Protein chains: 2
Amino acid sequence: MYGCVTRYGKYVCQILSEPGFKMSATGLVLARGGSKGIKNKNIVLLNSRPLLLRCLQVMHEAGCFSSIWVSTDDEKIAECAKNGGAKVHHRAKYTAVDEASSLCAVQEFLQHHTEISIVCVVQCTSPFLQARYLHKGMEKIQSGYDSVFSVTRRHLLRWSEGELTYPQNFNPRHRPQRQDWVGELYENGMFYFCKVNLVHQGLLQGGRCGYIEVPLCESLDIDSPFDIIVAQTWINYCQQEERQHSL
Amino acid sequence: MYGCVTRYGKYVCQILSEPGFKMSATGLVLARGGSKGIKNKNIVLLNSRPLLLRCLQVMHEAGCFSSIWVSTDDEKIAECAKNGGAKVHHRAKYTAVDEASSLCAVQEFLQHHTEISIVCVVQCTSPFLQARYLHKGMEKIQSGYDSVFSVTRRHLLRWSEGELTYPQNFNPRHRPQRQDWVGELYENGMFYFCKVNLVHQGLLQGGRCGYIEVPLCESLDIDSPFDIIVAQTWINYCQQEERQHSL
């Protein structure tokens, strides 16, 4: 489906030489070893490929990054990163604990890479990331946005918390039919493009802030063993549908 | 796992004779035949049992309904309803079209059953409905609520729609960690207890309105062929976990 490591270089160069991409962004995957819930979550296998490797392949394919880095404290992950054609940043321990935020880890990475002006943090536990979403994100950054991240549109009815509850986003006398309501936008964590001056101000989202919409069925985030099963089931289902359509 | 049809009668009587349940509620499943997306969605098989049958079994088990009805326009569904120990309401055609709301179908049902004072609409496409949730709902109604329905707590970050986007339920400078944020409540469609006077006013939710919380992993609603696969996968996973724990 994707090219091999030796082909990435060529592919990236081809795309970057298009007139469309004059700005330079660095792709960054934060992948520490000590994940809760699933052991070694970032390199767990999906369709026989580690999540991190899948993610790096899509990032290469997107062709919008001048360099791709994995920030980690784990040797196995570092090895996988190199196999996926990424550079390895050996992150400081204080950024690799449960309490540390992604922002903190990005700031620490940037301290060592002062040449970077745009960073894109990509979450490798979003297995249905597509190159075209990253591409669209980069286009938005280039058109003047300071930060761009991925969202999912959902049609969810919200209610207040308490002894009595009240509707928050609709009128129960006129319950919205799905086809008559655009729904609402929810951050899905898949990726965050951000100009570095914002990161220095303590933000991954701010300034002229835009979004890229990703369909719900591609927004799954792997957070539990069950999510892996769902993701694998979804892949098998899609492959089966593809086979049926090609008959 | 559940009793057979002949046992339901006994079970229901035992529970209803407890001092806890002096009020009488009617359980109602709206299950029309012409469902979009999945053909015959309401009687699609999950673990070899039709969704409707699973639902009716749980409703019987809950022991909080003086009678259980299925409102349908479809003969197969009517047959399944009878097999599940429910009475069949042959609904008017105008309530069984895509545009008709659940409220409309409940109102039509109640026109034929003027003796009912509390109705509980149960969605048979929520395959992980548990008797204890219905039981809790009935307890709330009995304690003085006019309507009670099921919700799911989610930790989702919302953003506004438009050329630029702004956070709606958090501060990006202090992104909430999951453990420090209670999240928000979302209707999950599993069930709606409601006093009939509210239904006459055009509402399934209103008056002293309360909720019952259902965990996210049990809130799945079957709406696409893939949902069936996910539900079956989840059931298999749980059964496997149970077997491992019992070894």
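Look up a bit, the structure's there.
Fair warning: this is a prediction, and the values are worked out from it, not measured in the lab. (Residues numbered from 1 in each chain as written. Chains lettered and ligands numbered in written order. Predicted model: local features only at pLDDT ≥ 70, side-chain atom pairs only at ≥ 80, totals over all residues. Heavy atoms only, no water.)

1. Details of the overall build of chain A
Helix and strand content of chain A: seven helices and ten strands. Over its C-alpha atoms chain A spans a radius of gyration of 19 Å, differing by no more than 12% from the 18 Å that the globule rule assigns to 247 residues. The dimensions of chain A, computed from C-alpha atoms along their principal axes, are 60 × 55 × 40 Å. Counting all 247 residues of chain A, 55% fall into the buried class. (Helix = DSSP H or I, 4+ residues; strand = E, 2+ residues; numbered from the N terminus. Rg over C-alpha atoms; globule rule 2.2 N^0.38 Å. Buried < 20%, exposed > 50% of the residue type's maximum accessible area, 1.4 Å probe, protein only.)

2. Remarks on the packing of helix α2 (residues 51-62) of chain A against helix α3 (residues 75-83) of chain A
Residue and element names in this part refer to chain A. At a minimum axis distance of 9 Å, the contact between α2 and α3 shows a crossing angle of 30°. In this view, α2 runs roughly parallel relative to α3, as classed from their interaxial angle. You can see that α2 and α3 cross each other, and the crossing is right-handed. Residues L52, L53 and L56 of α2 form the contact with α3, whose own contacting residues are I77, C80, A81 and N83. Considering only residue class, the contact of α2 with α3 consists of six nonpolar, one polar and no charged. (Axes fitted to C-alpha atoms, helices over the stretch in contact; angles between N-to-C directions. Parallel < 35°, antiparallel > 145°, perpendicular 65-115°, else oblique. Left-handed = near helix turned anticlockwise from the far one by under 90°. Contact = heavy atoms within 4.5 Å. Nonpolar A, V, L, I, M, F, W, Y, C, P; charged D, E, K, R; others polar.)

3. Re the packing of aromatic side chains
This model, assessed by the stated rule, comprises 19 aromatic pairs over all chains. Where A:F149 meets A:Y192, the ring centres are 6.2 Å apart and the plane angle is 15°; that geometry is what we call stacked. Linking A:F149 in strand β7 (residues 147-154) with A:Y192 in strand β9 (residues 184-195), this pair joins segments that are 43 residues apart in sequence. Comparing A:F149 with A:Y192, the two get one shared label, buried. On the basis of an interplanar angle of 80° and a centroid distance of 5.9 Å, the ring pair of B:F191 and B:F193 is categorised as edge-to-face. The exposure class of B:F191 is buried, given its relative accessible area of 0%. Overall, the relative accessible area of 0% leaves B:F193 in the buried class. The ring of B:Y145 carries the charged tip of B:K140 above its face, separated from the ring centre by 5.1 Å. (Phe/Tyr/Trp six-rings, centres within 6.5 Å; stacked < 30°, edge-to-face > 60°. Lys NZ or Arg CZ within 6 Å of the ring centre and 35° of its normal.)

4. Some details on the relation of the copies chain B and chain A
Superposition of the two copies of the chain requires a rotation about an axis and a shift along the axis. Mapping chain B onto chain A leaves a residual RMSD of 0.0 Å; the transformation is a rotation of 180° accompanied by 0.0 Å of translation along its axis. The transformation just described matches what one would write down for a two-fold rotation axis. No C-alpha of chain B lies nearer the rotation axis than that of B:V230, which sits 3.1 Å from it. The overlap is high: 100% of the interface residues of chain B also sit at the interface in chain A, so the same surface is used on both sides. (Least-squares fit on C-alpha atoms with pLDDT ≥ 70 in both.)

5. Describing the interface of chain B and chain A
Taken together, the contacts link 42 residues of chain B with 42 residues of chain A. Together chain B and chain A conceal approximately 3900 Å² of surface at their shared face, both sides included; 54% is due to carbon and sulfur atoms. If you sort the residues of chain B by the area they bury against chain A, B:W159, B:E161 and B:F226 come out on top, with a joint share of 15%. In this assembly, chain B and chain A are joined by six salt bridges. Between B:R153 and A:E161 there is a salt bridge, and its shortest N-O distance comes to 2.6 Å. At the junction of chain B with chain A, the criterion picks out 22 residue pairs in polar contact (both at pLDDT 80 or more). Mapped by element, the contributors of at least two residues to the side of chain B that touches chain A are β7 (147-154), β8 (158-159), β9 (184-195), β10 (209-213) and α7 (225-246) of chain B. Across two bridges, the pairing between strand β8 (residues 158-159) of chain A and β9(B) is antiparallel. Bridge pairing in β9(B) links A:R158 to B:Y186. (Buried area = accessible area lost by both parts, 1.4 Å probe. Salt bridge = Lys/Arg side-chain N within 4 Å of Asp/Glu carboxyl O. Polar contact = N/O pair within 3.5 Å; in protein donor to acceptor, adjacent residues only side chain to side chain. Pairing = 2+ DSSP bridges.)

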